[in-house]
Structures are given as structure tokens and as C-alpha cells.
Amino acid sequence: MSTKPLVAITGASSGIGAAVAKTFSDSGHPVLLMARRLDRMEALNLPNAVCCEVDVRDRAQIRAAVEKGEAAYGPVDMMFCNAGIARLADIGTQPPEEWDEMIDINTKGVMNAVHAVMSDMMERRAGTLFMMSSIAGRKVYPDHTVYCGTKFFVHAVSESLREYLSDYDVRVIVLSPGIIETEVLGAVNDPNTLKAYQDNKKKIGGGIGPEHVASIMLHSYQMPQNALIQEICITPTRQKF
């Protein structure tokens, strides 16, 4: 049984979420893994892990998963609100159903994860929220219109939460990665947008590994509770924008 506190991660089945799960687990933390692909989380084969099939659009599913994890390992001390989807496309031709999916997962899903742990963190006067935004939450890009909107939302909400929760000694850290080697392009259905993204990625020599993101997150988390790295913006060195 680990003596370190429980870490919870949405979108834990691949990419940055899976890398964070491995990194924090290797550091001795029990982990609560939440995603829609249960088999992928179980295949990580991490010790002291609770794996729950969760759709972050369902607030009750997240709450039930948190209760299951906490019954085994105590209160969630870090929640990584990570689950998201990037349906990048020309806004003039993009099906609005893709807008709905991004808005529901990238904004409501983040808030549902926050809601599951915030009150308890406030009561304990301890805890850390990692909020998954993007460099696309700091500047806009062609064919990213609604995606950028969802990530700007994460930035705005995080700024407000940071001020509000500071009185309770709860930390809020925004994560704003650039091009990372993940499965993000699998959600892009617009062939022209996909090609432009792939061409730019090739031009800069590819993305960086999600394990680098996870490493800097662990460092930020391990700072004393009264020390806060407010935002992590990490990109490939050759990414110009």
C-alpha cells in the first residue's frame, strides 16, 4: 500500500494522460485512471491503480470513479482534468456536431472533473488541479476555431479558480502544450486540415514525447503546497507558433 496520496487522471488511456499515470505511479503514487477505453488503462498494468470506464460528459460517472478510488487509497490530492478531443477543421464547412463534441468534452468534461474533488480539497485545505489547455488556448490557429474556443475557456476558468481556491491553499496549474506525440490527430476528419497539421509537424522535426510533459508536471506537483507554478507551456524547440 502506497503512503503517497491518490492522483486522479481523466483521459488516462493514451497520450499525455497515460504518460502522467506512469510517471506518478513510478514516483510511488496510487492512481485513479478514468477514460472510455478500459482495456487500454488496464494494459498499463500499474501498481496501486483503480481503472474506471468514464465518459467525462457524465458528471455522475466521474463522481462514482472518484468515490471508488478514494475508498481504496484515500482522498484525491491531484486531479488532472485531461480528457479532450481536437476535431480540427475549416469552420465554414465543419459539421456543428463536431463543435458540440469539443465543447462538451473539453469544457464541460473539465468542469465535471473539477466538481468531483474541489469541495473536499477546500475542506482539507490541500490539493492540486491540473487543467488541460493548449498553446491553442493562448493564441488562435487556422482551422482550430472551436477547439481554440474550448481551450481559451479552460484558461479563463483556471484563472478564476486559481484566485478563488488560493484562500483554501488549493493549487491550480494550467497545462499548455504545443505539438506532442499523441493520438490527437486521430480525431481530425477534415483531410485538408489534417495534411496542413502533418506538414507543419514534419517541418519542425516532429513533436516531443508526452513523457516530457509528465516529468515537468511531477516536478510542479512536488513543489511545496505554498509554491505554485501557475502555467506550464511546453513546445518543441522548433515550434515557432
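Refer to the structure presented above.
Below: a short report on this structure. All figures in this text were calculated on a predicted structure; none of them were measured in a lab. (Residues numbered from 1 in each chain as written. Predicted model: local features only at pLDDT ≥ 70, side-chain atom pairs only at ≥ 80, totals over all residues. Heavy atoms only, no water.)

1. Some remarks on a nonpolar patch on the surface
And then number 1: Residues I91, W99 and I103 make up a contiguous nonpolar surface patch of about 230 Å² in total accessible area.
And then number 2: If you trace the backbone, I91 turns up in the loop between β4 (76–81) and α4 (96–124). (Patch = residues over 30% accessible without salt bridge, like charges linked within 9 Å, V, L, I, M, F, W, Y side chains within 5 Å. Areas by Shrake-Rupley, 256 points an atom, 1.4 Å probe, with all protein chains shown as cover. Salt bridge = Lys/Arg side-chain N within 4 Å of Asp/Glu carboxyl O. Helix = DSSP H or I, 4+ residues; strand = E, 2+ residues; numbered from the N terminus.)

2. Concerning the sheet that holds strand β7 (residues 231–234)
And then number 1: Across the sheet, 7 strands lie side by side as β3-β2-β1-β4-β5-β6-β7; this open sheet has parallel pairing. The strands lining the two open edges of the sheet, one partner per strand, are β3 (49–53) and β7. Pairwise comparison of adjacent strand axes, ignoring direction, gives a mean angle of 15° for this sheet.
And then number 2: Contacts from helix α1 (residues 15–26) reach β1 (6–10), β2 (31–35), β4, β5 (128–132) and β6 (171–177), with the element oriented near 160° to β4.
And then number 3: In the packing of helix α3 (residues 59–73) onto the sheet, the strands contacted are β1, β2, β3 and β4, and the crossing angle to β3 comes to about 165°. (Pairing = 2+ DSSP bridges. Axes fitted to C-alpha atoms, helices over the stretch in contact; angles between N-to-C directions. Contact = heavy atoms within 4.5 Å.)

3. What about the side chain of D190?
And then number 1: Its place among the elements puts D190 in the loop between β6 and α6 (191–203).
And then number 2: Notably, D190 is buried but unbridged: the nearest opposite-charge side chain belongs to K195, and the N-O separation is 12 Å.
And then number 3: One polar contact links the side chain of D190 to the main-chain amide nitrogen of D90, over a distance of 3.2 Å.
And then number 4: In this view, D190 contacts L88, A89, D90 and T93; residues no more than four positions away in its chain are not counted. (Buried < 20%, exposed > 50% of the residue type's maximum accessible area, 1.4 Å probe, protein only. Lys, Arg positive; Asp, Glu negative; His and termini not counted. Polar contact = N/O pair within 3.5 Å; in protein donor to acceptor, adjacent residues only side chain to side chain.)

4. Description of the pattern of salt bridges
And then number 1: Under the counting rule described, the total for this entry stands at 14 salt bridges.
And then number 2: Put simply, E183 and R40 hold a salt bridge, and the shortest N to O gap is 2.7 Å. Taken together, the residues span a long stretch of sequence, with E183 in the loop between β6 and α6 and R40 in helix α2 (residues 38–43) at a distance of 143 residues.
And then number 3: For R40, a relative accessible area of 31% corresponds to the partly exposed category.
And then number 4: Note that K195 and D199 form a salt bridge whose closest N and O atoms lie 2.7 Å from each other. Taken together, the positions of K195 and D199, both in helix α6 and 4 residues apart, correspond to about one turn of that helix.
And then number 5: Judged by its relative accessible area of 39%, D199 falls in the partly exposed class.
And then number 6: What emerges from the salt-bridge pattern is a single network uniting R37, R40 and E183.

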